[in-house]
Amino acid sequence: MLLFEIILVLLFATIGYFVLTTVFPPLNFPRSIPTVPFYVSLLPVLTSVDQEEIYNKYLREKLEKYGAVKLYFASRWNILVTRPEYLQTIFKNEELFAKSGNQKKTPYSVLADYTGDNVISSHGKEWKLYRSIMTQSIQFPQLEPVLKNTEKFTESIRKEVGNKDKALNVSDKIQRFCLENICECVLGIKPDAIASEAGELHERIKFVKKQIFNPIYLNFPILDRLPIPSRLDARKEVHAFRKYFCELVKRNKNEDSHTFAGHKLQRAFETGEITAKQFTDNVIITMVAGHENPQLLLTSLLYVIAKYPVYQTKLREEVQSLGDKSHWSAFQDLPILNSIMYETLRLYPPLGQIINRCTTSRTTMGDSINIPRGTYVGYNNFGTGRDILVWGPDANEFKPGRWGITLEDIQSNFSQAKRTSKLPAFHGRSRACIGEKFALLETKIALAKIVDCFEVSLDKSWKEQLTPAGPICPLLLSLKFKSLRE
Ligand code: HEM
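Cut-offs applied
- Residues numbered from 1 in each chain as written.
- Predicted model: local features only at pLDDT ≥ 70, side-chain atom pairs only at ≥ 80, totals over all residues.
- Heavy atoms only, no water.
- UniProt positions renumbered as here; feature names shortened; annotations may be inferred.
- Core = buried A, V, L, I, M, F, W, Y, C linked by side-chain atoms within 4.5 Å.
- Buried < 20%, exposed > 50% of the residue type's maximum accessible area, 1.4 Å probe, protein only.
- Helix = DSSP H or I, 4+ residues; strand = E, 2+ residues; numbered from the N terminus.
- Contact = heavy atoms within 4.5 Å.
- 1 Å grid on protein atoms, 1.4 Å probe; cavity = no way out; pocket = protein on both sides within 12 Å on 5 of 7 lines; lining within 4 Å.
- Points joined across faces, edges and corners; volume = space filled by probe spheres on them.
- Expected span 1.5 Å × (residues − 1).
- Near = heavy atom within 4 Å.
- Polar contact = N/O pair within 3.5 Å; in protein donor to acceptor, adjacent residues only side chain to side chain.
- Nonpolar A, V, L, I, M, F, W, Y, C, P; charged D, E, K, R; others polar.
- Donors = N, O, S within 2.8 Å, 3.2 Å for Na, K, Ca; no water.

The name recorded for the protein in an unreviewed UniProt entry is Dityrosine monooxygenase, from Hyphopichia burtonii NRRL Y-1933. UniProt annotates the protein under Cofactor (unreviewed entry) with the comment "heme".

The biggest cluster of nonpolar side chains holds 115 residues, and the ones touching the most others in it are Phe-241, Phe-245 and Phe-481. With 14 residues, helix α14 (residues 276-307) is the single largest residue contributor to this core. Those residues within four positions of Phe-241 in sequence are excluded, and the remaining contacts are Tyr-114, Leu-201, Arg-204, Ile-205, Val-208, Ile-284 and Met-287. Among the nonpolar cores identified, the runner-up in size contains 20 residues, and Ile-33, Ala-68, Phe-97 and Ile-354 belong to it.

As annotated in UniProt, the feature "binding site: heme" (unreviewed entry) corresponds to Cys-433 in the numbering used here. Relative accessible area serves as the criterion here: at 37%, Cys-433 is assigned to the partly exposed category.

On to empty space enclosed by the protein, then. For the structure on display, the rule yields two cavities of 30 Å³ or more. Roughly 40 Å³ of volume is contained in the second largest cavity. Lining the second largest cavity we find Arg-176, Leu-179, Glu-180, Ile-194, Ala-198, Leu-201 and His-202. Taken together, the elements giving at least two residues each to the lining of the second largest cavity come down to α9 (171-187) and α10 (191-212). Among the elements that make up the lining of the second largest cavity, the one with the highest residue count is α10 (four residues).

For the rest of this paragraph, the subject is α14. Residues three or four positions apart in an α-helix share a direction because the helix packs 3.6 residues into each turn. With 32 residues, α14 extends 47 Å between its outermost C-alpha atoms, agreeing within 8% with the 46 Å of an ideal straight helix rising 1.5 Å per residue. The element α14 is largely enclosed, with a buried count of 27 among its 32 residues.

Around the ligand lies a shell of 27 residues, among which Trp-127, Arg-131, Asn-356, Arg-431 and Cys-433 are the nearest. Residue Arg-131 places a side-chain N or O atom 2.6 Å away from an oxygen atom belonging to the ligand. Asn-356 places a polar side-chain atom, nitrogen or oxygen, 2.6 Å from an oxygen atom of the ligand. Where the shell around the ligand is concerned, the elements lending two or more residues are α7 (124-139), α14 and β5 (353-359). Per-element accounting of the shell around the ligand gives the leading share, six residues, to α14. Taken together, the residues of the shell around the ligand break down into 18 nonpolar, six polar and three charged.

Here the focus is the coordination of the iron atom of the ligand. Of the protein atoms, Cys-433 (SG) alone serves as a donor to the iron atom of the ligand, at 2.3 Å. On the secondary structure map, Cys-433 appears in the loop between α19 (407-419) and α20 (436-453).

What follows is the structure, encoded as structure tokens:
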């Protein structure tokens, strides 16, 4: 009897401890900032509200007042910041706020198995090693395939809508476009291999993505420790897919393959600089970050031009003023195109919330936010972009004109917004995104071609809503395309 009672007490104590540590932040967390109630992390799982509604209702007021909150996410309590000066503190102090991606934060999760230890999530000497191998290929990719793929992309829309004013869910087409770009321009996979694998590659990525961005496991990755049959299947497919994709990279190298990231990573593996797992982790992250983020941005761009026809018309006039024979590089310097891009990045940053820094010692942020060692600290791009203290009372409105009228002003305001962390869509300082230029170029070309060829409007039957959790873009966007050219 006594033994039974002891077991019962231990069981209740364990459950009690689990509930307390889940519902309330640790006692040593800063008292000077508010706590977002624990149940907010359950909302994307239990309701159909989107990220904008959740942000406006539960986070906005606290974040605009304090610039930082305590937030439960990914099976732990974290500190989340939006105030640019706090973001600067994180970005400037890479040693104190050390990168600590899923491979360290939730090593048991399916997501960690998928992306592993890579150039984005690693820290210290591993990060330096990966960067020394990959930076050149990502910052100076081959750009020609983007033009061919843009033609294919607009052609496939034209084929599907014909001259009818037909509604189209554009997610798959945008994903294929961005996937082909990263595979051909950066990883260096031969276009004919991509063409023959396109169907399988796309379907498998879609399956894996669905598992990864499932709000339940994004918010509670701890569940991946349990033998849940659907998660065991997801993990199995993640491993099979990693193998399949790396074989594709190795077997189908482009002729001048030495300039591409795929080849460079393979050579680094063959010379013993990196392990087979590090090779796979970095090939996978290049493909994932390299196509998903531009895909999200392009989706949001198509949404804004459909929602705000005035800007679509202005953009079309600007693009068509270049004439038919203009070189694609001319798109770089179009003021309206650039201001629409930056305004979209401000309101719809593809990576809305990133929590992957862990403090290596006790520190104080601002005047009074005392953060213990070993605390996960992250930032919410979505909040910074919509903060009225940062962007003024019209922060929530889509107003490309706020970036300026001339190209010079627009580019200078963009650089300044990045430098001061008012626009952290591409992170900042030494860990800033190295694919930014490529992503902006491919999305600019695609957007310019789309407005040149079609009049785009929202499908009235589409429910205007953002994704429920994770990356940000309009959910299952459906648009109408009216062909402007025969
Ligand atoms: C609109 C598109 C993109 C956005 C918004 C974006 C955003 C970001 C952000 C926020 C980070 C920091 C991530 C973190 O702290 O965990 C990052 C890092 C990175 N991005 Fe991008 N990205 C985009 C496109 C790309 C593309 C096309 C590539 C090409 C492979 C790429 C490669 C990288 C790499 C390698 C890093 C890590 C840099 C480092 O830590 O040294 N990104 N990106």
